[in-house]
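Fold and contact review
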Amino acid sequence: MLTQAILVAIWAGICSLDDVGPQMLRRPLLTGTVAGIIMGDVVQGLAISATLELMWMGIGNVGAYSAPDIVAGSIIGVSLGIATSGSIVADGSSDTSIEKIIATGVALALPVSVLCQQLLILWRSFACFLNPWAEKSIQDGNYQGLVKVHYFSTPVWFLIRAVPCFLGVYFGSDLITNILNVIPKGIITGMGVASKLIPAVGICILLLMLLKGRMWFFFLLGFMLTAYLKLPIIPITFIALAFAVLYDMAFMADKNNSRQSAAQDNQVINTPVEEEYDL
Amino acid sequence: MNSVNKITKKDLNSVFWRIQTIPFSYNYEKLQTIGFAHCMIPILDRLYKDADKETRVRAMKRHFEFFNTQVNAGALILGVTAAIEEKTDEDEKDAVVSLKAGLMGPFAGLGDSLLKFTWMPICGSIGAAFALQGNIIGPILMFIIYNLVNIFTKYFFVHYGYNKGIDIIEQSKNSNIIQRISNLANVVGVMVLGSLIASTVKVSTPLIIKVDEQSIKVQEMFDKVMPNFLTLIFALSVFFLVRKFQGKYTVSLIIAVMIIGVILSILGVLH
């Protein structure tokens, strides 16, 4: 468990640097899957990560707003979900479905994401001391001092997620196992049901920005195509692309029409003036 | 002023590499300001190579004004800023500051809505759809298609922004190109999300109603009207809740849905 905890912590650190850097990983499906591989169960890792991905779909930092930290949340959720799955099997319950493991992962991911969000807010507030330092660093007309200021936070970014993840994985699984044994079975089954409802929240947060005016029809179309025809996501994407092009054509035609009618209006106004000249 | 460009491709590539770490010095007072200034180092070093100390300090001070935007859109602003730094005289430098301030708001909105809230979720949905079937290709595919756009736009925007300079903004005003791209993305986005709700959110009830010795399974009754009818109703109610709170209290909402789900499951209303 120590090796796995260290590996998970290093991965969390890497993801943390990526989150403030190239931003290539940062989503639950990517960070969680690797955590699943480290914990030695790819299939469960994929299942938990995918659920978290959908659940947190619309969550992201916008402007100065800090969202719950989905990076640490996903890594811990997947790692501990897998680590405790053995104990769920051991407690002799007849239904050891993957849904319970997903539910455990999701339940663990939430508190960690909120904890790391607080840590990040703390550091982002504290890091204001970088600003006067940056101004001072260029006073001699040499810009290289600024590079040092810019990268000052690097070790903090690494540790800010690596340490909670290490503690969580190393001490967490025993603790979590004990807690899970105390929890009544009804609640764990209920968590399985709830984990199928939760993705709606993430998707709806996203829809808040996209679903305006006529977009409702496209939303319902996408829903119906899957509800009635059971179409999977890739054909839906291509059909959506075709509708998007049609919508764009309509949009352009609309623009041209209004431009033409505006031009015609001008002509109507101009004609009497020209007639006067003819006279 | 001069026809030969001073800033080389190599300088712009150096800016591209620096863009990768823009949020490293992020803080709540000036957000990405230091990150942006650090990206400008190769540009300012080239343009003010032989300038006196005061001009160099003044040049960098210009970029200590508050700056924050979406990172990929920021690449375009960096390119444009480089072009303006090069093409303006020392007494016209106010344009640099005002241009940055004017662009960062709209570009942040555009970048966030196109990349973070449209392209990323499309990639995530495709990846998650495969991953839920236990297929490892899901995250791999997601990583590749997302980052193709993520990395390419950063690289392309720095060069494009520099080459086009100011007229890119004028152009986009005339041809509606930004509006059109966001229209396309919007339609694809909502359709994919609609489909995703139908395929991933599951609301089903084991309830049975007894009428005159006949028992009606509630779930079957709804399914005859429309498959996933309950799912749609549930998703729409969540949507109106989210809209009512304008996207705030999301964690509370997730926890509330979780608790309600558990309670309804224990009561035997859902399964």
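The rules behind the values
Residues numbered from 1 in each chain as written. Chains lettered and ligands numbered in written order. Predicted model: local features only at pLDDT ≥ 70, side-chain atom pairs only at ≥ 80, totals over all residues. Heavy atoms only, no water. Helix = DSSP H or I, 4+ residues; strand = E, 2+ residues; numbered from the N terminus. Buried < 20%, exposed > 50% of the residue type's maximum accessible area, 1.4 Å probe, protein only. Contact = heavy atoms within 4.5 Å. Areas by Shrake-Rupley, 256 points an atom, 1.4 Å probe, with all protein chains shown as cover. Buried area = accessible area lost by both parts, 1.4 Å probe. Salt bridge = Lys/Arg side-chain N within 4 Å of Asp/Glu carboxyl O. Polar contact = N/O pair within 3.5 Å; in protein donor to acceptor, adjacent residues only side chain to side chain. UniProt positions renumbered as here; feature names shortened; annotations may be inferred. Axes fitted to C-alpha atoms, helices over the stretch in contact; angles between N-to-C directions. Parallel < 35°, antiparallel > 145°, perpendicular 65-115°, else oblique. Left-handed = near helix turned anticlockwise from the far one by under 90°. Nonpolar A, V, L, I, M, F, W, Y, C, P; charged D, E, K, R; others polar. Phe/Tyr/Trp six-rings, centres within 6.5 Å; stacked < 30°, edge-to-face > 60°. pLDDT = per-residue confidence, 0-100.

Let us now look at the overall build of chain A. Secondary structure summary: chain A contains 12 helices and zero strands in total. Going residue by residue from the N terminus, the α and β elements of chain A occur as α-α-α-α-α-α-α-α-α-α-α-α. Per-residue burial for chain A yields a buried fraction of 51% across its 279 residues. Long-range contacts, defined here as pairs at least 24 residues apart, represent 75% of the contacts in chain A between residues at least 6 apart. For chain A, the exposed surface amounts to about 12,400 Å²; the carbon and sulfur share of it is 68%.

For chain B, the helix and strand inventory stands at 12 helices and two strands. The secondary structure elements of chain B, listed N-terminal to C-terminal, are α-α-α-α-α-α-α-α-α-β-β-α-α-α. Every one of the 271 residues in chain B was classed for burial, and the buried ones make up 53%. Taking the intrachain contacts of chain B between residues at least 6 apart in sequence as the baseline, contacts between residues at least 24 apart amount to 69%. As presented, chain B carries roughly 12,400 Å² of accessible surface, and 63% of it is formed by carbon and sulfur atoms.

Facing 112 residues of chain A, the contacting portion of chain B comprises 107 residues. Between chain A and chain B, a total of about 9,700 Å² is buried, with carbon and sulfur atoms accounting for 76% of that surface. On the chain A side of the contact with chain B, A:Tyr143, A:His150 and A:Phe223 bury the most area, a combined 8% of that side's loss. On the surface where chain A and chain B come into contact, there are zero salt bridges. Across the chain A-chain B interface, the total number found is 13 residue pairs in polar contact (both at pLDDT 80 or more).

Okay, the UniProt feature "transmembrane region" (unreviewed entry) in chain A next. Residue and element names in this part refer to chain A. Sequence positions flagged by UniProt for "transmembrane region" (unreviewed entry) are, in local numbering, residues 70-89, 101-123, 156-176, 188-210 and 216-247. Its end C-alpha atoms 33 Å apart, residues 101-123 is made of 100% helix and 0% strand. Annotated as 91% helix and 0% strand, the span residues 216-247 places its first and last C-alpha atoms 13 Å apart.

Those residues of helix α4 (residues 53-61) of chain B not exposed but buried are B:Thr55, B:Arg56, B:Val57, B:Ala59 and B:Met60. Contacts from the buried residues of α4(B) go to α7 (144-151) of chain A together with α2 (33-39), α3 (41-47) and α5 (71-87) of chain B.

Attention now moves to the pattern of salt bridges. Scanning the model with the defined rule gives nine salt bridges over all chains in all. The salt bridge involving A:Asp19 is made with A:Arg26; its shortest N-O contact spans 3.0 Å. Owing to a relative accessible area of 8%, A:Asp19 belongs among the buried residues under this scheme. Judged by relative accessible area, which is 15%, A:Arg26 ranks as buried. The partner of B:Arg46 in a salt bridge is B:Asp11, and the shortest N-O contact between them spans 2.7 Å. Of the two residues, B:Arg46 is situated in helix α3 and B:Asp11 in helix α1 (residues 9-19); the sequence distance between them amounts to 35 residues. A single network of salt bridges, built from pairs that share partners, joins A:Asp19, A:Arg26, A:Asp69 and A:Arg161.

By the secondary structure assignment, B:Thr118 is in helix α6 (residues 94-132). Judged by its relative accessible area of 5%, B:Thr118 falls in the buried class. Here B:Thr118 is in contact with A:Leu210, B:Ser113, B:Ala185 and B:Gly189, once residues within four sequence places are set aside.

Relative orientation of the contacting elements helix α10 (residues 199-210) of chain A and helix α11 (residues 229-244) of chain B amounts to 55°, with a least axis distance of 9 Å. Between α10(A) and α11(B), the crossing angle belongs to the class labelled oblique. Once α10(A) is placed against α11(B), the crossing between them reads as right-handed. Side by side, α10(A) and α11(B) meet where A:Ala200, A:Val201, A:Cys204, A:Ile205, A:Leu207 and A:Leu208 of the first sit next to B:Phe234, B:Ala235, B:Val238, B:Phe239, B:Val242 and B:Arg243 of the second. Here the residues of the contact of α10(A) with α11(B) are counted per class, giving 11 nonpolar, no polar and one charged.

What follows covers the packing of aromatic side chains. Residue and element names in this part refer to chain A. Across all of its chains, the model carries 20 aromatic pairs over all chains by this definition. Relative to phenylalanine 152, the ring of phenylalanine 129 has its centre 5.6 Å away and its plane inclined at 90°; by these criteria the two rings are edge-to-face. On the criterion of sequence distance, the pair formed by phenylalanine 129 in the loop between α5 (98-126) and α6 (130-137) and phenylalanine 152 in the loop between α7 and α8 (154-182) is long-range, its members being 23 residues apart. In this structure phenylalanine 152 comes out as partly exposed when scored by relative accessible area, which is 38%. On the basis of an interplanar angle of 70° and a centroid distance of 6.3 Å, the ring pair of phenylalanine 218 and phenylalanine 243 is categorised as edge-to-face.

On to the confidence of the model for chain A. All names here are of chain A. Looking at chain A, pLDDT values average 81 and 84% of them are 70 or higher. Across residues 89-95 the pLDDT falls below 50, and counting only partners more than four positions away or on other chains, this stretch makes seven contacts in the model. Taken as a whole, residues 271-279 scores under 50 in pLDDT and shows zero contacts with residues more than four places along the chain or in a different chain.

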